[in-house]
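Analysis of the macromolecular model
Chain residues, written in single-letter form:
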Amino acid sequence: MELTKGVPIPLHRNRNFQLLWLGSASAMVGSEVADVAYPLIILGGTGSPGWAGLFGATQLVSALLCGLPAGELLDRTSSRRILVLAESIRLIATATVAIAAATGRLSAIHLLLVAVVLGAAQPFASGARMVGVRLAVEESQLTRALTQEEVRSATAGLVGPPLGGYLYGLARAFPFAVTAVLFLLSWLSALLLRLPGSAEQCSDPRPASTRRRHRLFEGVTTVWRDRTLRGTVMLVTALNTVGAPLTLITVVLLRQQNAAPWAIGTSMAALAAGGLAGATLVASLHRLFRPGTLLLGLGAYEAAVLTVLPLGSGPVWVAAVLFCAMLGVPALRVLVDVLIFRQVRPETRGRVIAGVMTLFTLGAPAGVAVSGLLLQHLSARTGLFALAGVMTFTVLVALADRELRHARWPTP
């Protein structure tokens, strides 16, 4: 933690936070570029939304399986070391795609293997950054730091998708080469970090095998024992389930309308623009609404947005609706941090973060895979109406939870 005579160093002068921010921004832009390019290259090579859905689902399943082990490792090992390793893995995997695409040797099997590797590295990289931010800044600076992270995420999303679409239009290998360079910048930023130690010294007297099993699932059980937190996680999981295939369905929708790759990327950038605008609403929304009310309201709002999206056509309409879809997401992410991550002991924070993020992604692989298969036989509009129906049903079920409806913000 960087301090000056007991006073926290401002975030703009906090070396570790700025390195984390820079590395995260680089990795996020690279991921956004690739997230547009992967479905485009798969659809261009196979013509099959099912294959594109399988790629996304494979990546999500791999991340899901590695989520809990990532949390266990984060509580025992340097988060900097984990981040360096995860970013090096993502760099190498992406570079192989760029080389194969440039030489005309890219295959569907190669892409699926890359999906496994990228998915496996994701929870280690994101978890290490979340722990790193909490090690780099004071508690009093955390909300401001997380809001800056939301701005970073939205800005990366604003730049990445149109860049990915534009680069793909120039050459199939270009977006992956640029992504590899951005992962290299993130790796270099991680190398320069100097974070305080975060590994837990375990004095648990139980046998090692029992202790490992307990530790592995401790993050999940910590959240699941609390009814309010359980309801929060379940509703956010549903939001992620219907949100995960949104990029794929939108790409297919615009391709069916004969939109150019650059127009598709630009439309997807509206998600980030909405997130950037939404970051300015975080403090106001948290001040005006209780957490349960805010959570349920955002769920209903997202269901309405999904219903409206297929009612129009063209990149401009899609961009406008996607912008609106993201307005509440930054407030939701900070809500999760306030309700869950700040209420746990520092020595178990890595496991709780990984456990919650694992629960959040439980339905995402199924959402992407099922959407890809449905798009083989149904229109993208029908798929969006189906997602809206799932979200509406989930919100109605959650409304019956009195504990969630009346939840209050924790006392500082």
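For the structure itself, consult the block above.
A brief look at the structure comes next. Just so you know, these numbers come straight off a predicted model, no measurement behind them.

1. Considerations on the pattern of salt bridges
Summed over all chains, the structure comprises 2 salt bridges. The shortest N-O distance in the salt bridge between Arg-90 and Glu-87 comes to 2.7 Å. On the criterion of helical spacing, the pair formed by Arg-90 and Glu-87 is a turn pair, its members being 3 residues apart in helix H3 (residues 79-103). Accessibility classification places Arg-90 together with Glu-87 in one group, the buried group. In the salt-bridge network here, residues are joined through shared partners; they are Glu-87, Arg-90 and Arg-129.

2. Looking at the packing of helix H1 (residues 15-46) against H3
As a packed pair, H1 and H3 sit with axes 12 Å apart at the nearest point and diverge in direction by 35 degrees. Between H1 and H3 lies a crossing of left-handed hand. Facing H1, whose interface residues are Leu-20, Ala-27, Ser-31, Tyr-38 and Ile-41, H3 presents Leu-83, Glu-87, Arg-90, Val-97 and Ala-101. Considered class by class, the residues forming the contact of H1 with H3 number 7 nonpolar, 1 polar and 2 charged.

3. Comments concerning a nonpolar patch on the surface
On the surface, a nonpolar cluster with roughly 390 Å² of combined accessible area is contributed by Trp-51, Leu-54, Ile-109 and Leu-113. Secondary-structure elements contributing two or more residues to the nonpolar patch are helix H2 (49-74) and helix H4 (108-136). With respect to the helices and strands, the residue Ile-109 is situated in helix H4.

4. A look at unusual backbone geometry
One non-glycine residue, Asn-258, adopts positive backbone phi at about 65 degrees. Inspection of the secondary structure puts Asn-258 in the loop between helix H9 (246-256) and helix H10 (261-279). We classify Asn-258 as exposed; its relative accessible area is 71%.

5. Some words on the nonpolar core
Core analysis: the largest hydrophobic core is formed by 108 residues, its most contacted members being Tyr-38, Ile-41, Leu-111, Val-137, Leu-322, Ile-340 and Met-391. Residues contacting Leu-111, with those up to four places away along its chain left out, are Tyr-38, Ile-41, Ile-42, Phe-55, Val-97 and Leu-106. Counting residues in hydrophobic clusters, the runner-up holds 5 residues, among them Val-33, Ala-156, Leu-167 and Leu-182.

Reading the values: the criteria
- Residues numbered from 1 in each chain as written.
- Predicted model: local features only at pLDDT ≥ 70, side-chain atom pairs only at ≥ 80, totals over all residues.
- Heavy atoms only, no water.
- Salt bridge = Lys/Arg side-chain N within 4 Å of Asp/Glu carboxyl O.
- Helix = DSSP H or I, 4+ residues; strand = E, 2+ residues; numbered from the N terminus.
- Buried < 20%, exposed > 50% of the residue type's maximum accessible area, 1.4 Å probe, protein only.
- Axes fitted to C-alpha atoms, helices over the stretch in contact; angles between N-to-C directions.
- Left-handed = near helix turned anticlockwise from the far one by under 90°.
- Contact = heavy atoms within 4.5 Å.
- Nonpolar A, V, L, I, M, F, W, Y, C, P; charged D, E, K, R; others polar.
- Patch = residues over 30% accessible without salt bridge, like charges linked within 9 Å, V, L, I, M, F, W, Y side chains within 5 Å.
- Areas by Shrake-Rupley, 256 points an atom, 1.4 Å probe, with all protein chains shown as cover.
- Core = buried A, V, L, I, M, F, W, Y, C linked by side-chain atoms within 4.5 Å.

Honestly, it's all geometry; don't read function into it.
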